[in-house]
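# Architecture and fold: a report
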Amino acid sequence: QVQLVESGGGLVQSGGSLRLSCAASGNIDSILVTGWYRQTPGDQRKLVATISKNGYTQYEDWVKGRFTASRDNAKNTVYLQMNSLKPEDTAVYYCNVLSGTDLVTATVYWGQGTQVTVSS
């Protein structure tokens, strides 16, 4: 199993920055990909970015150039640096991991989420 703890959310003004952290524990070596998602009330969780265990990143078009995913393997932590934040970025942000030997049969684990609020 893998346990995830997010942190770093908070209240920030439009145009500001936040860095979210996702600390993993447990069966760390089984993690294939870490993803960042966000969710607003009444909506489904939406993918923001992913980062593989080798550091390969992918982003949704609407965050390219503003958000950056990175990882510190020594700390078993993945980060989401969010710059130029907009009020519409307000959401609960979650990290998840796909854990296993391949992506098809991987198990998904979720963190508890962290609230990001961007004021106008």
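In this report, we go over the structure that sits alongside the text. Please read all numbers here as calculations on a predicted model, not as lab measurements.

### Details of the pattern of salt bridges
- Under the definition given, this model contains three salt bridges.
- One salt bridge in this structure joins Arg38 and Asp89, with 2.8 Å as the shortest N-O distance. Of this pair, Arg38 sits in strand S4 (residues 31–39) while Asp89 sits in the loop between strand S8 (77–82) and strand S9 (91–99); the two residues are 51 residues apart in sequence, bridging distant segments of the chain.
- Residue Lys64 pairs with Asp61 through a salt bridge whose shortest N-O separation is 3.2 Å. The same class applies to Lys64 as to Asp61, namely exposed.

### Overview of the nonpolar core
- Counting 26 residues, the largest nonpolar core has Leu4, Trp36, Val48, Phe67, Leu80, Met82 and Tyr93 as its most contacted members.
- Mapped by element, the contributors of at least two residues to this core are strand S1 (2–7), strand S3 (18–26), S4, strand S5 (46–52), strand S7 (67–72), S8, S9 and strand S11 (114–119).
- Every residue in contact with Phe67, bar those within four places of it in the chain, is listed here: Arg38, Val48, Tyr59, Leu80, Gln81, Met82, Asn83, Leu85, Asp89 and Tyr93.

### Topic: the environment of Leu20
- Structurally, the position occupied by Leu20 is in strand S3.
- Each C-alpha atom of the pair Leu20 and Gln3 lies 16 Å from the other, and the pair is 17 residues apart in sequence.
- With residues up to four places along the chain from it excluded, the contact list for Leu20 reads Ser7, Gly8, Gly9, Trp36, Val78, Tyr79, Leu80, Met82, Tyr93, Thr114 and Val116.

### With respect to the sheet that holds S1
- Here four strands make up an open sheet; going across it, the order is S1-S3-S8-S7 and the pairing antiparallel. What marks the edges here is a single partner per strand, and that holds for S1 and S7. Sheet twist, expressed as the mean angle between neighbouring strand axes with direction ignored, is 20°.
- Judged from the six bridges that link them, S7 and S8 form a sheet pairing that is antiparallel. Paired with Arg71 across the strands is Val78, a residue of S8.

Conventions used here
- Residues numbered from 1 in each chain as written.
- Predicted model: local features only at pLDDT ≥ 70, side-chain atom pairs only at ≥ 80, totals over all residues.
- Heavy atoms only, no water.
- Salt bridge = Lys/Arg side-chain N within 4 Å of Asp/Glu carboxyl O.
- Helix = DSSP H or I, 4+ residues; strand = E, 2+ residues; numbered from the N terminus.
- Buried < 20%, exposed > 50% of the residue type's maximum accessible area, 1.4 Å probe, protein only.
- Core = buried A, V, L, I, M, F, W, Y, C linked by side-chain atoms within 4.5 Å.
- Contact = heavy atoms within 4.5 Å.
- Pairing = 2+ DSSP bridges.
- Axes fitted to C-alpha atoms, helices over the stretch in contact; angles between N-to-C directions.

Treat this as a map of the structure, not an account of what it does.
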